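A closer look at the structure
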Amino acid sequence: MLKVVKFGGSSLADADHFRKAAEIVKAESSRHYVVPSAPGKRFKDDDKVTDLLYSCYDSANLGENIDDAFEKIENRYRDIIKGLGISLSLEDEFQVIRDSFMHKAGRDYAASRGEYLNGLIMAAYLDCEFVDAADVIFFREDGTFDAERTNTILGQYLREHDRAVIPGFYGSMPNDTIKTFSRGGSDITGSIVARATLCDVYENWTDVSGFMMADPRVVDNPMPIDVITYRELRELAYMGAGVLHEEAIFPVRFAGIPINIRNTNDPTAAGTMIVPDAPVGDRIVTGIAGKKGFSVITVDKELMNTEIGFGRRLLSVLERERINFEHLPSGIDTMSVVVATPVLQGRRDRIIDEICDMLNPDSIHIEDHLALVAVVGRGMKAAKGTAARVFTSISEADVNIKMIDQGSSELNIIVGVKDDDFEKTMRAIYNEFVGG
Ligand code: ASP
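Every chain is numbered independently, its residues counted from 1 as its sequence is written. Local features in this predicted model are restricted to residues whose pLDDT is 70 or higher, and side-chain atom pairs enter the listing and the counts only when it is 80 or higher, whereas totals over whole chains, interfaces and linings include all residues. Based on all heavy atoms of the structure, the side-chain values leave hydrogens and waters out of the count.

Before going further, it helps to examine the pattern of salt bridges. Any Lys or Arg side-chain nitrogen found within 4 Å of a carboxyl oxygen on Asp or Glu counts as a salt bridge. Within the structure shown, the criterion is met by 29 salt bridges. Put simply, Asp46 and Arg42 hold a salt bridge, and the shortest N to O gap is 2.7 Å. Buried, partly exposed and exposed residues are distinguished by accessible area as a fraction of the type maximum, computed with a 1.4 Å probe on protein chains only: under 20%, between the cut-offs, and over 50%, respectively. Classification of Asp46 by relative accessible area gives buried; the value is 7%. With relative accessibility at 35%, the residue Arg42 sits in the partly exposed group. The salt bridge involving Arg350 is made with Glu321; its shortest N-O contact spans 2.8 Å. With Arg350 in helix α11 (residues 348-359) and Glu321 in the loop between α10 (310-320) and β12 (334-340), this pair connects stretches of sequence that are 29 residues apart. Judged by its relative accessible area of 43%, Arg350 falls in the partly exposed class. The class of Glu321 is buried, set by a relative accessible area of 9%. Sharing partners across several salt bridges, the network here consists of Lys3, Glu28, Arg31, Glu203 and Arg262. Each helix is a run of DSSP H or I of at least 4 residues and each strand a run of E of at least 2, with the numbering of both proceeding from the N terminus.

Structure follows, in structure tokens:
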């Protein structure tokens, strides 16, 4: 049995959490490779070290004095080292980083130091090899992640090292500068290491015991999800279910490796298993997730259905504007495109003009304040009447459905409702399928 374990920032925020994380690593001899994040928040209004690094670097870039800001960062690490009682000194590292800030080494470099320093501490505390992610995780010239080169070099390196700590979140560009993934990207590093080692399980340790069936800020005490497939998770994550970085599933999915989301503060809880495939469990619905803040562009034109290329021309306007769309619900003489509202900012009139030029429609309008709610479950394909239950529960909550979309995979039903009805809709669906 071989496991890759990744710890999130809240699991490494201070010495106490560090100790818990190290105990978890040592509790099973199968836990060979450790991917740490940067120290996260210790309490609600605390700062994440990554955020401190970004703002400190920005100040340095503006030529401002960074003495206090930089010392605050150093102290986070000094406190951890002192609390752990190890003899490691990071003072030389601090000096190098500080100098690099003054020499404008780049924002990504700055942010990556959070994970880098935490990795050095973790390796010292566990007494195992430290591998700088810059030497084994690679990006291409255009900034995209180079999966194959990374997999070959990282895989080879790790085959030669039985145990190692690989800091999350960053890698290197062909010109040797540092590049980070997007925020929360240590999850991606964990997944890349899991793929490279072909491990049995990728354990992702965080501060919750896995995924819940709905957002606990909206639904009281939602049930945990024990098992979820990659595809279901993708649907839920896309619609806003947090916990894991959206892109983290791709490397492990490629290799068919399960991800186990676990809670550092409750290590006996089984957490959520994310697997390539799973039989349908007791529930038809695996989870419900949603987001507010969408807009619908609706174009009407009589006899649209007879006009060849209508849809292509409509979408070509968005393509030219480099806008991606979420859904494309259409009727016989009407076609709508659902987009995230912020992407329209400052260019609504231009988009309307372009669509008028391209399509000569009878009418066109943009409606804002749409929320999308996705009901996801691998059991939905075989169960008749699921859609009826979703819609009935929403109508009984006195909510008007503005849009319906069932993915052709039959894995999800997505409904659009007014932003104001979002919470009500989530609760109504949850109560229908799980009980209130
Ligand atoms: N430290 C980075 C962030 O705060 C990456 C991570 O924690 O995964 O986004």
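Position of Gly83 relative to the elements: it lies in helix α3 (residues 67-84). Sequence separation between Gly83 and Glu432 is 349 residues, and the spatial gap between their C-alpha atoms is 49 Å. A contact between two residues is defined here by any heavy atoms of the two lying within 4.5 Å. Sequence-distant contacts of Gly83, defined by excluding residues within four places in its chain, comprise Ala15 and Arg19.

The buried fraction of strand β2 (residues 31-36) is high, at six of six residues. Bridging between strand β1 (residues 3-7) and β2 involves five bridges; their strand directions are parallel. Paired with Phe7 across the strands is Pro36, a residue of β2. Handedness rule for crossovers: strands pointing away from the viewer, path from the first strand over the helix to the second running clockwise, crossover right-handed. Read as a crossover between parallel neighbours, the route from β1 over helix α1 (residues 15-27) to β2 is right-handed. Any two strands with at least two DSSP bridges between them are considered paired. Pairing between β2 and strand β4 (residues 164-165): two bridges, direction parallel. Following the sheet pairing, Tyr33 is matched in β4 by Ala164.

So, about the sheet that holds strand β11 (residues 287-300). Pairing is antiparallel across the open sheet formed by five strands, whose spatial order is β12-β11-β13-β15-β14. At either margin of the open sheet sits one strand with a lone partner, and together these are β12 and β14 (403-406). On average, each strand axis in the sheet is tilted by 30° relative to the strand beside it, whichever way the strands run. Summarising the sheet, β11 and β12 pair through seven bridges and their orientation is antiparallel. Across the sheet, the residue bridging to Val296 is Val338, located in β12. To get an axis, a line is fitted to the C-alpha atoms, and for a helix only the part in contact is used. The angle between two axes follows their N-to-C directions and goes from 0 to 180 degrees. In this fold helix α8 (residues 230-238) packs onto β11, β13 (363-376) and β15 (412-418), with an angle of close to 65° to the strand it touches most, β11. Here helix α13 (residues 422-433) sits on the sheet in contact with β11, β13 and β15, set at roughly 125° to β11.

To continue, consider the packing of α1 against helix α5 (residues 107-126). Viewed as axis vectors pointing N to C, α1 and α5 meet at an angle of 55°, and their least axial separation amounts to 11 Å. With respect to their mutual orientation, α1 and α5 come out oblique. α1 and α5 meet at a crossing whose hand is right-handed. Within the contact between the two elements, α1 uses Phe18, Arg19, Ala21, Ala22, Val25 and Lys26 and α5 uses Asn118, Ile121, Met122, Tyr125 and Leu126. For the contact of α1 with α5, a count of residues per class yields eight nonpolar, one polar and two charged. Reported orientations rely on four angle classes, namely roughly parallel under 35 degrees, roughly antiparallel over 145, roughly perpendicular from 65 to 115, and oblique for the rest. For any helix crossing, the convention is left-handed if the near helix is rotated counterclockwise from the far helix by under a right angle, and right-handed if that rotation is clockwise. Basically, the charged four are Asp, Glu, Lys and Arg, the nonpolar ten are Ala, Val, Leu, Ile, Met, Phe, Trp, Tyr, Cys and Pro, and anything else, Gly included, counts as polar.

Take the site of the ligand next. Put simply, a residue is near a molecule or strand once any heavy atom of it comes within 4 Å of that molecule or strand. Close to the ligand lie Ser37, Ala38, Lys48, Thr50, Glu115, Phe169, Arg183, Gly184, Gly185 and Ser186. Under this definition, polar contacts are N or O atom pairs within 3.5 Å; protein pairs additionally need one hydrogen-donor-capable and one acceptor-capable atom, and for neighbouring residues in sequence, both atoms have to be side-chain atoms. Contacts to the ligand include Gly184, whose backbone N or O atom sits 2.8 Å from an oxygen atom. Protein contacts shield 93% of the accessible area of the ligand, which totals 260 Å² for the unbound molecule. When the residues that make up the shell around the ligand are grouped by side-chain class, the tally is two nonpolar, five polar and three charged. Using a 1.4 Å probe, the Shrake-Rupley method yields the accessible areas, and only the shown protein chains count as cover for residues.

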